[in-house]
Amino acid sequence: MNQQLSGEAISPAQMTAQAKDYGHQKITKDPKSSFLLAIAAGMFIALAFVFYTTVTTGSGSSGLAHLAGGVVFSMGLILVVLCGTELFTSTVLSLISRVNNEVSTTALLRCWVRVYLGNMIGSLFIVLLMMGAGTYMGSHGQWGLSALHLAEHKIHHTFIQAFTLGVLCNMMVCLAIWLTFATRNPLAKAILMILPVAMFVASGFEHCVANMFMIPMGISIHYFADASFWQAIGMHSQQFADLTVSNFIVNNLIPVTLGNIVGGAVIIGLGFWTIFKSKVVKSNSQESTAAELS
């Protein structure tokens with residue numbers, strides 16, 4: 001009986017072997033399906049940030065408020081994993097397959113670009129829906145004010161800060177994904193992902209796909225919010241004049257994306273692969289020998 005179904009312990013080496021297969025499947029998946037699933041993943045992460053903003057609005061800056069926000073945000077990764085969608089920050093684990101010469105560099109980069117663009121489209125679609133729904137007017141405009149402050153905070157990191165926060169974030173995201181390789185039980189997968197995700201959110205780490213929603217949401221509020229919104233919060237739109245597309249891309253998206261790649265693909269993906277590669281190869285060799293003898 002499969003160890004994942006029987007309840008027997010799954011070794012780190014076996015989890016690493018599954019991570020390799022996981023990454024390979026990302027690259028070899030039908031491009032059209034992959035792109036559509038990436039759009040869905042972008043929507044899921046964006047909706048999780050809507051949930052986060054709703055829960056944390058008006059709760060102050062206490063540690064418990066950050067923890068609550070992190071826990072509810074984990075809904076995004078849970079939906080991504082259990083619905084089988086394609087998220088850039090976990091797709092970077094496919095670097096393991098490239099290192100093992102299972103796929104070409106071209107195929108790897110095409111996959112990454114396809115998923116990245118799909119995530120962005122999905123995230124921006126939710127921005128459009130939230131603006132159409134007037135969600136920013138929630139709690140007498142405090143929802144929108146929270147979104148503005150959060151977006152503005154994210155574009156004021158230095159390049160090194162944004163990069164490092166991106167590294168830390170995707171270490172936790174990919175560790176959350178890695179833990180799911182220990183079981184096939186959907187509930188167990190969901191529970192295993194909550195704390196790593198809550199940790200990175202509560203700590204203020206930077207996730208490029210989440211930022212594809214949060215910062216454009218702030219930019220959209222700045223440019224398109226009704227006059228009644230600014231009256232409700234007692235502020236003027238010019239106080240958020242630095243919320244621009246160029247600041248979003250240069251000050252946040254580029255360094256955070258690079259950091260996410262290093263944290264997820266290199267530190268977690270290649271890190272675990274380097275440690276457990278010999279055991280994975282040995283296990284595969286033993287399975288092949290057993291098959292030949294049978």
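Residues numbered from 1 in each chain as written. Predicted model: local features only at pLDDT ≥ 70, side-chain atom pairs only at ≥ 80, totals over all residues. Heavy atoms only, no water.

1. Points about the environment of Tyr22
Going by this rule: Numbered from the N terminus, helices here are DSSP runs of H or I no shorter than four residues, and strands are runs of E no shorter than two. By definition in these notes, contact holds between two residues if any of their heavy atoms fall within 4.5 Å.
Checked against the element boundaries, Tyr22 lands in helix α2 (residues 12-28). Expressed as a C-alpha distance, the spacing of Tyr22 and Leu93, which sit 71 residues apart in the sequence, is 8.0 Å. Setting aside its immediate chain neighbours within four residues, Tyr22 contacts Ser90, Leu93, Ile177 and Phe181.

2. Section: the environment of Ile39
Let me state the cut-off plainly: Exposed residues in this analysis have more than 50% of their type's maximum accessible area, buried residues have under 20%, and partly exposed residues fall in between, with area computed by a 1.4 Å probe over protein chains only.
On the secondary structure map, Ile39 appears in helix α3 (residues 31-56). In this structure Ile39 comes out as buried when scored by relative accessible area, which is 18%. Put simply, Ile39 and Gly118 are 79 residues apart on the chain and 4.3 Å apart in space, counted from C-alpha to C-alpha. Not counting the four nearest positions on each side in its chain, Ile39 is found in contact with Gly118, Asn119, Ile121 and Gly122.

3. Topic: the pattern of salt bridges
Note the threshold: Salt bridges are defined as contacts in which a side-chain nitrogen from Lys or Arg sits within 4 Å of a carboxyl oxygen from Asp or Glu.
According to the stated counting rule, one finds five salt bridges in the structure shown. With a shortest N-O distance of 3.2 Å, Lys26 and Glu86 are connected by a salt bridge. Placement of Lys26 in helix α2 and of Glu86 in the loop between α4 (63-82) and α5 (88-91) is noted, with a sequence separation of 60 residues between them. The pair Lys26 / Glu86 is uniform in exposure class, with both members buried. The partner of Glu206 in a salt bridge is Lys154, with the nearest N and O atoms 3.1 Å apart. Here the residue Glu206 occupies a position in the loop between α10 (186-202) and α11 (208-224), and Lys154 occupies one in helix α8 (residues 142-154), the gap between them amounting to 52 residues. Residue Glu206 is classed as buried on the basis of its relative accessible area of 0%. Residue classification places Lys154 among the buried positions, given a relative accessible area of 6%.

4. Details of the packing of aromatic side chains
Where we set the bar: Centres within 6.5 Å make a pair out of two Phe, Tyr or Trp rings, where for Trp the six-membered ring is used; the pair is then stacked when the planes are under 30 degrees apart, edge-to-face when over 60, and tilted otherwise.
Overall, the coordinates contain 13 aromatic pairs when judged by the stated rule. Where Tyr223 meets Phe224, the ring centres are 6.3 Å apart and the plane angle is 50°; that geometry is what we call tilted. On the basis of relative accessibility, which here comes to 48%, the residue Tyr223 falls in the partly exposed class. Taking the relative accessible area as the measure of exposure, Phe224 reaches 61% and is therefore exposed. Where Trp230 meets Phe240, the ring centres are 6.1 Å apart and the plane angle is 35°; that geometry is what we call tilted. With Trp230 in helix α12 (residues 227-233) and Phe240 in the loop between α12 and α13 (245-293), this pair connects stretches of sequence that are ten residues apart. Each member of the pair, Trp230 as well as Phe240, is classed as buried. Here the aromatic cluster, defined as three or more aromatic residues joined through ring pairs, consists of Tyr22, Trp178, Phe181, Phe272 and Phe276.

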